[in-house]
Amino acid sequence: MSDTKLDQYKKQISDAAENLMSSRILGNSSHGNISAKIPGTDTFLLTSVSNLKQITMDNIGLFDMDNNLLDGSVMPTSAEIIPMHGIVYKTRPEAGGAVHTHAPRATAFAVAGMPIPASYEPMVRFGMGNGVPVTEYGPRGSQESVDLIEHAIDGKGQIRGLLLGNHGLLTFGVDVPDAVDAHKIIEECAEVILATYTLGGPKEIPAAQRLAAQAIQQTFAAVGEQTRT
Ligand SMILES: [Zn+2]
């Protein structure tokens, strides 16, 4: 992996930090971390500091799949969560990016120990037909927390992230921008669904209707753009 190639992925991470900041879905602390799997290698990049406001291309470390620092630096708070990102890439080989924040509305579900149900159509249309699962609490940086993540995502279809019990949101995607998109969609879903609790709570979309919604989406996608002059 050339430095130039590596820099492309560092740029994706620093752009993602800016994107998350400008989307205003972060908590007031701007706490978060972002990683990128480097294609064709057993390595990934991870932000070295835990405040997304402070992310630059110069404070992103390179790690192997045993969570060893290969290049760059990592602060103690971020060192705790290297395995949290590593387990995503070990468990989901299709994943190329992962994002963790304490986005407040999604985190409210995590603190309540409640999964986000598939009751808002964008969840179905954006590959989350099984909603967003939640784990039990595991102390940050512990093997227990890593095992809980692995169990929640291993072999599970129709999810793009999970809620870390009493902690926050962790999403993954084919690359970093995809993981950021999943983050934004989940936070929006959490906001809408939270509002429904003043109205009697969310109504889950029946499983057959979730499949129907995805089939329609795929039919239109297969047709592609339609134009007429
Ligand atoms: Zn956290």
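Residues numbered from 1 in each chain as written. Predicted model: local features only at pLDDT ≥ 70, side-chain atom pairs only at ≥ 80, totals over all residues.

(A) View of the sheet that holds strand β2 (residues 43-47). Pairing is antiparallel in the open sheet, where seven strands are placed in the order β4-β3-β2-β1-β5-β7-β6. On the outer flanks of this sheet lie β4 (69-71) and β6 (161-164), each paired with one strand and no other. Averaged over all pairs of adjacent strands, the angle between their axes in this sheet comes to 25°, without regard to strand direction. When β6 meets strand β7 (residues 168-173), the two strands line up antiparallel, connected through four bridges. By the bridge assignment for β7, leucine 162 is matched with leucine 170. Contacts from helix α3 (residues 82-91) reach β1 (32-37), β2, β3 (60-64), β5 (97-101) and β7 within the one sheet, and its direction differs from that of β2 by about 140°. Strands β6 and β7 of the sheet are contacted by helix α4 (residues 104-112), whose axis makes an angle of about 115° with β7. (Pairing = 2+ DSSP bridges. Helix = DSSP H or I, 4+ residues; strand = E, 2+ residues; numbered from the N terminus. Axes fitted to C-alpha atoms, helices over the stretch in contact; angles between N-to-C directions. Contact = placed C-beta atoms within 7 Å.)

(B) Highlighting α4. Among the residues of α4, Ala106, Thr107, Phe109 and Ala110 are the ones counted as buried. Within α4, the buried residues cover an arc of 150° as seen down the axis, which keeps them to one side. Structurally, α4 contributes buried residues whose contacts are with β6, β7 and α7 (176-196). Positive backbone phi, at 70°, marks glycine 113, one or two positions downstream of α4. (Buried ≥ 20, exposed ≤ 12 C-beta atoms within 10 Å, placed from the backbone. Arc of directions from axis to C-beta.)

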